[in-house]
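Residue-level structural notes
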Amino acid sequence: TAKDEGDGYFRYYKPNLLPLIAERMQLENGLHKALLENQLFLCYQPKISAATGELSGIEALIRWKHPELGLIPPDKFIPLAEESGFILEIDRWVFREACRQNKAWQDAGLQQVSVSVNISARHFYQGDLIEMIAEELQNTGLDARYISLEITEGVFMRNIEQVIEKIQYLRRLGIQISIDDFGTGFSSLNQLQRLPISDVKLDRSFIRGITHDDKKSSIVRAIIELAHSMNMRVVAEGVETGEESQFCKDLNCDELQGYLFSRPLPAEMFEEFLRG
Ligand code: C2E
Ligand code: MG
Ligand code: MG
Ligand code: MG
């Protein structure tokens, strides 16, 4: 009967779901503690100028060193924090820490370069993005031109006028804005035309296999041409091989980022890139 089937269904799934729910709750609860107890830290990955091969920027990427579970990657806890709203506090911490670190490097006489921070779309709808940024720049003493924000296309799904206003305000402060993971969302470059965006980061799914995929390379070529015609730079994400790097350069990509140049590194290890 239907009832028996129903029972069977639950008997089958329940044991599989429970550990997942438990893990999720453990992470969600642990995240507040993580922020208070300094379990979060940033790694830094270089962006390389395609023209010169020199360091052109840095991306800050969050990591969580959990006391029992070990190192937890952001894909495991950022989505949870986005759902619960705790992301607003995490983003503020990341922004502050990236500013503090960059200022410390500058004060130590190391190369002056812009650090980009990933900001959740949620920050554009809720919360006090502008105030947060002004406060933390003031607190850390970092010049606004040494910070940039990476936002995803998700930002443009709602309240577009309000989003544009905020981005324009940030640009007036001197902050650069990048569209991250470009090509994975629903926006088109046409829509981006309305926005004062400094650069577009091509999602790494476009780069993987680009050297032997004619369709991919034509799409990427078209994106780059259009972006350039709108005065935006293009960054290739996830460059892993010399062939991919050369291919992106030949397509006139402006900057390259990926394991070929370096994995994201803790601050002390990253310093080597700043000594030039
Ligand atoms: P994202 O902003 O697109 O960052 C790029 C991701 O690609 C990073 O993963 C980086 O380690 C990885 N990556 C870089 N080069 C390569 C490569 O050559 N090959 C491959 N396979 N991967 C490469 P990560 O650090 O695990 O971060 C994942 C995502 O989590 C980020 O994607 C971003 O969306 C989010 N995230 C990371 N840190 C933060 C943060 O501080 N705040 C917020 N809101 N989100 C963050
Ligand atoms: Mg990013
Ligand atoms: Mg990305
Ligand atoms: Mg991403």
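- The name given to the chain in an unreviewed UniProt entry is EAL domain-containing protein, with Paenibacillus nanensis as the source organism.

1. With respect to the side chain of histidine 123
- Relative to the assigned elements, histidine 123 resides in the loop between strand S4 (115-118) and helix H4 (129-140).
- A relative accessible area of 1% means that histidine 123 is categorised as buried.
- Within the local environment of histidine 123, its side chain forms a polar contact with the side chain of aspartate 91, the two groups lying 3.4 Å apart.
- When neighbours within four sequence positions are excluded, histidine 123 is seen to be in contact with Leu88, Asp91, Asp128, Leu129, Met132 and Lys166.

2. Considerations on the coordination of the magnesium ion (ligand 3)
- Summarising the metal site, the magnesium ion (ligand 3) is bound by the protein donors Asp180 (OD), Asp181 (OD), Glu237 (OE) and Glu237 (OE), whose distances to it range over 2.0 to 2.6 Å.
- Sequence positions of the residues that donate to the magnesium ion (ligand 3) give the spacing D-D-x55-E.

3. Focus on a nonpolar patch on the surface
- On the surface, a cluster of nonpolar side chains totalling about 500 Å² of accessible area is made up of Leu17, Leu18, Leu20, Ile21 and Met25.
- In this structure, isoleucine 21 sits in helix H1 (residues 2-36).
- Isoleucine 21 sits in the partly exposed class, given a relative accessible area of 44%.

4. Quick look at the pairing of S4
- Taken together, the three bridges between strand S2 (residues 55-66) and S4 define a ladder with parallel strand orientation. Bridging across to S4, isoleucine 58 finds its partner in valine 115.
- Strand direction decides the pairing type here: S4 and strand S5 (residues 147-152), joined by four bridges, are parallel. Its bridge partner lying in S5, serine 116 is registered against serine 148.
- Regarding topology, H4 serves as the crossover connection from S4 to the parallel S5, and that connection is right-handed.

5. Re the pairing of strand S8 (residues 233-236)
- Across four bridges, the pairing between strand S7 (residues 199-202) and S8 is parallel. If you follow valine 200 over to S8, its bridge partner there is valine 234.
- Where S8 meets strand S9 (residues 255-256), two bridges bridge the pair, whose relative direction is parallel. Residue valine 235 lies in a different strand from S9, and its bridge partner there is glutamate 255.
- Handedness of the β-α-β unit built from S8, helix H9 (residues 242-250) and S9 comes out right-handed.

6. Focus: the site of ligand 1
- The immediate surroundings of ligand 1 are formed by 23 residues, with Arg63, Asn118, Asp180, Glu240 and Tyr259 found nearest.
- At a separation of 3.1 Å, a nitrogen atom of ligand 1 approaches a polar side-chain atom of glutamine 45.
- One of the side-chain N or O atoms of glutamate 240 is found 2.5 Å from a nitrogen atom in ligand 1.
- Protein burial of ligand 1: of its 800 Å² of free accessible surface, 86% is covered by the chains.
- Of all the elements in the fold, those that place two or more residues in the shell around ligand 1 are S2, helix H2 (74-84), helix H3 (87-107) and strand S6 (176-182).
- Considering every element that reaches the shell around ligand 1, the biggest residue donor is S2, with four residues.
- Here the residues of the shell around ligand 1 sort into nine nonpolar, five polar and nine charged.

7. Details of the pattern of salt bridges
- Across all of its chains, the model carries 18 salt bridges by this definition.
- Taking the shortest distance from any N to any O, the salt bridge between glutamate 28 and arginine 24 comes out at 3.7 Å. Residue glutamate 28 and its partner arginine 24 are both found in helix H1; the two are separated by four residues, about one turn of the helix.
- Judged by relative accessible area, glutamate 28 falls into the partly exposed class, the value being 28%.
- For the salt bridge of aspartate 143 with arginine 145, the shortest nitrogen-to-oxygen distance reads 3.5 Å.
- Look at aspartate 143 and you get partly exposed, because its relative accessible area is 35%.

Rules behind the numbers
Residues numbered from 1 in each chain as written. Chains lettered and ligands numbered in written order. Predicted model: local features only at pLDDT ≥ 70, side-chain atom pairs only at ≥ 80, totals over all residues. Heavy atoms only, no water. Helix = DSSP H or I, 4+ residues; strand = E, 2+ residues; numbered from the N terminus. Buried < 20%, exposed > 50% of the residue type's maximum accessible area, 1.4 Å probe, protein only. Polar contact = N/O pair within 3.5 Å; in protein donor to acceptor, adjacent residues only side chain to side chain. Contact = heavy atoms within 4.5 Å. Donors = N, O, S within 2.8 Å, 3.2 Å for Na, K, Ca; no water. Patch = residues over 30% accessible without salt bridge, like charges linked within 9 Å, V, L, I, M, F, W, Y side chains within 5 Å. Areas by Shrake-Rupley, 256 points an atom, 1.4 Å probe, with all protein chains shown as cover. Salt bridge = Lys/Arg side-chain N within 4 Å of Asp/Glu carboxyl O. Pairing = 2+ DSSP bridges. Right-handed = clockwise from strand over helix to strand, strands pointing away. Near = heavy atom within 4 Å. Nonpolar A, V, L, I, M, F, W, Y, C, P; charged D, E, K, R; others polar.

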